[in-house]
Amino acid sequence: MMASDRMDLAELYKFDEIYWIPADRPNIPSEATFTPTETPVPALEVPIAAIVEEKINIPVQEKPSIPSGPGLQASLVEEVKSMEPSVPQDSKVLPIVNCRLVVVGKINPTEKERLQLVFSAAPVSLQPTDWQVLEPMDSFSLTEFVEGTQAQIYVFLGDQIPSWKEQLPEGKISQISNKAIYYFPRYISSLKDSEKPLKLAFWNSMKEIISNGK
């Protein structure tokens, strides 16, 4: 092919500039300018921004500013507490009791297992369904607690509410509203081998209170 027959690459595509990718378009001045055939859209008399603003011009409530700093969490907690309805203590409900004997105290699993051994031994011979454990409730007086839970025998063990302890004679069987009450200030699982007299005292009291219902 003769040199005069060679066509420059830019000349080949000068009327097809619309197909060029902008990044690949050669920096060669074009002899022809592409003129779109479509009729240009007339400009709106009202700016589009004004129309959009009119459509969405809905008042928005401002969010309250949240204070920053270490006191933020405390202030939020106090706000939540202030919104919660206060429940008076006398509105608390006593647990339902459907057994003969109730053990009152902060009884852990080890203590409960030890009590099960004591109560299941003859002549006491209580089944697991014959007794249950309740924690002391300081929102009630001792009399309200005993009368409201409907058991026949109450065995108080270990730590008790101070106002209750004043009415519970240690190591003695007593009565409240014709119900048998016994207070032992120790937990059975805490008794050592050297404290055999205390173990016997508890065992003899359990035999008496359960057999006689006193």
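These numbers were taken from a predicted model, which means no experiment stands behind them.

J.: How would you sum up the sheet that holds strand 2 (residues 131–134)? Please name residues and give values.
T.: With mixed pairing, five strands are arranged side by side in an open sheet as 2-1-3-5-4. Bordering the open sheet on either side are strand 2 and strand 4 (173–176), each of which pairs with just one other strand. Neighbour-to-neighbour, the strand axes of this sheet turn through a mean angle of 25°, independent of strand direction. Bridge count between strand 4 and strand 5 (residues 179–184): four bridges; the pairing is antiparallel. Considered in strand 5, the bridge of Ser174 is made with Ile181. Sheet contacts for helix 5 (residues 142–149): strand 1 (101–104), strand 2, strand 3 (153–157), strand 4 and strand 5; angle to strand 3, the most-contacted strand, approximately 135°. Against the sheet, helix 7 (residues 196–212) makes contact with strand 1, strand 3, strand 4 and strand 5, and its axis sits at roughly 175° relative to strand 5, the strand it touches most.

J.: Can you explain helix 4 (residues 109–120)? Please cite residues and give values.
T.: The end-to-end C-alpha distance of helix 4 is 16 Å, a good match for the 16 Å that 12 residues give at a rise of 1.5 Å each. Within the span of helix 4, buried status applies to Glu111, Leu115, Val118 and Phe119. All buried residues of helix 4 fall inside an arc of 90° around its axis, so they share one side. Looking at helix 4, the residues exposed on the side facing more than 90 degrees away from the buried face are Pro109, Glu113 and Leu117. Each element contacted by the buried residues of helix 4 is listed here: strand 1, strand 2, strand 3 and helix 7.

J.: Pulling in residues and values, what's your account of the confidence of the model for the protein chain?
T.: Note that predicted coordinates carrying low pLDDT should not be read in detail. Looking at the protein chain as a whole, its pLDDT mean stands at 76, while 57% of the residues score no less than 70. pLDDT under 50 marks residues 84–91. Its contacts with residues more than four places away, or in other chains, come to one contact.

J.: For helix 7, give the residues involved together with the corresponding values.
T.: In a regular helix each residue adds 1.5 Å, so 17 residues correspond to 24 Å; helix 7 covers 24 Å between its end C-alpha atoms and thus fits that length. If you check which residues of helix 7 are buried, you get Phe202, Ser205, Met206, Ile209 and Ile210. For helix 7, the buried positions fall inside an angular range of 115° around the axis, keeping them on one side. Exposed and oriented more than 90 degrees from the buried face of helix 7 are Lys196, Pro197 and Ser211. Buried residues in helix 7 make contact with strand 1, helix 4, strand 3, strand 4 and strand 5.

J.: Provide a residue-level description of the pattern of salt bridges, including the pertinent values.
T.: Within this structure, the stated rule accounts for two salt bridges. Between Arg186 and Glu195 there is a salt bridge; the shortest N-O distance is 3.0 Å. A salt bridge links Asp193 to Lys199; the nearest nitrogen and oxygen atoms lie 3.5 Å apart. Relative accessible area serves as the criterion here: at 70%, Asp193 is assigned to the exposed category.

J.: Hey, could you go over the nonpolar core for me, with residue numbers and the actual values?
T.: With 22 residues, the main nonpolar core has Leu101, Val103, Leu115, Phe119, Val155, Leu157 and Phe202 as its most contacted residues. Put simply, the parts of the chain that give this core at least two residues each are strand 1, helix 4, strand 3, strand 5 and helix 7. Among all residues touching Phe202, those that are not within four sequence positions of it are Leu115, Val118, Val155, Leu157, Tyr182, Phe184 and Ile188. Counting 20 residues, the second largest nonpolar core, distinct from the first, contains Val146, Phe156, Ile161 and Tyr183.

Cut-offs applied
Residues numbered from 1 in each chain as written. Predicted model: local features only at pLDDT ≥ 70, side-chain atom pairs only at ≥ 80, totals over all residues. Heavy atoms only, no water. Pairing = 2+ DSSP bridges. Helix = DSSP H or I, 4+ residues; strand = E, 2+ residues; numbered from the N terminus. Axes fitted to C-alpha atoms, helices over the stretch in contact; angles between N-to-C directions. Contact = heavy atoms within 4.5 Å. Expected span 1.5 Å × (residues − 1). Buried < 20%, exposed > 50% of the residue type's maximum accessible area, 1.4 Å probe, protein only. Arc of directions from axis to C-beta. pLDDT = per-residue confidence, 0-100. Salt bridge = Lys/Arg side-chain N within 4 Å of Asp/Glu carboxyl O. Core = buried A, V, L, I, M, F, W, Y, C linked by side-chain atoms within 4.5 Å.

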